[in-house]
Amino acid sequence: MLSDSNIFVTRNHLISSISMSEGDVFHEKQRLELCAIHALNNVLQERVFTKETADDICKRLAPQCVVNPHRSVLGTGNYDVNVIMAALQSRELASVWWDKRRSVESLCVSKVQGFILNVPSRVSLGIVSLPLRRRHWLAVRQVDGQYYNLDSKLKSPLCIGGEAELRSFLSEQLSQDVAEMLLVVQREVEEDGSWLNSDSPKK
């Protein structure tokens, strides 16, 4: 099961903040273990989901469970992939799991609204980086013709560049053993499979 990551316990990180330093690029910063929520909002480019809405999704996914398997028992977040998928469905969007056996060259990026990656990330305690790694959700999205890394741990959006630079970035991220990627697409794109180039062999 995929889960989200970094715990920030300094006062500054207990307050959700948004950086708009890259023009009109929406960028929600890390708070508690809410990187799944931040990744969703960043890929949608607006504040849609909150901890409360994510907790409601968890309850709907596992209504009979005393300890909900889709979030942290401490109530700090750490939402899993099922919450992300359900949240996107509530916005009439679909999520497609990317098979890492494929080359990113076979990806039809024009059909993809955004990308949500789950990658290993260092755990921080205030300004101190601990020798530990946990799973972390981050978003990548095109805005005004440029792709941006909207990782909530970044101080501001990081411009990746065009399509060629995007493919290089995704390849690098997915080269990590435990990294995974979801494509955020319209439902009809998921249904017709047009997120994959037509000349790409099916697995």
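The rules behind the values
Residues numbered from 1 in each chain as written. Predicted model: local features only at pLDDT ≥ 70, side-chain atom pairs only at ≥ 80, totals over all residues. Heavy atoms only, no water. Core = buried A, V, L, I, M, F, W, Y, C linked by side-chain atoms within 4.5 Å. Buried < 20%, exposed > 50% of the residue type's maximum accessible area, 1.4 Å probe, protein only. Helix = DSSP H or I, 4+ residues; strand = E, 2+ residues; numbered from the N terminus. UniProt positions renumbered as here; feature names shortened; annotations may be inferred. Contact = heavy atoms within 4.5 Å. Salt bridge = Lys/Arg side-chain N within 4 Å of Asp/Glu carboxyl O.

To continue, consider the nonpolar core. In this structure, Leu40, Tyr79, Ile84, Ile116 and Trp137 are the most contacted members of the largest nonpolar core, which totals 29 residues. Counting residues per element, this core draws most heavily on helix H1 (residues 35-44), which supplies seven residues. Of all hydrophobic cores here, the second largest spans 25 residues; its members include Val119, Leu170, Leu174 and Ala179.

This paragraph deals with the UniProt feature "active site" (unreviewed entry) in the protein. Look at the UniProt record and you will see "active site" (unreviewed entry) annotated at Cys35, His136 and Asp151. Taken along the chain, the residues just named run across 117 residues; in space they keep tight, none of their C-alpha pairs more than 9.1 Å apart. Relative to the helices and strands, Cys35 resides in helix H1. Its relative accessible area of 0% is what places Cys35 among the buried residues. Residue placement: Asp151 occurs in the loop between strand S4 (146-149) and strand S5 (158-161). For Asp151, the contacting residues outside a window of four places in its chain are His27, His136, Leu138 and Ala139.

Our focus in this paragraph is the pattern of salt bridges. A complete count under the given rule lists seven salt bridges for this structure. Note that Asp55 is salt-bridged to Lys51, the shortest N-O span being 3.0 Å. One end of the pair is Asp55 and the other is Lys51, both in helix H2 (residues 51-61) and four residues apart, which spans about a single turn. Summarising the burial analysis for this pair, Asp55 and Lys51 share the class buried. As a salt-bridge pair, Arg187 and Glu92 come within 3.1 Å of each other at their nearest N and O atoms.

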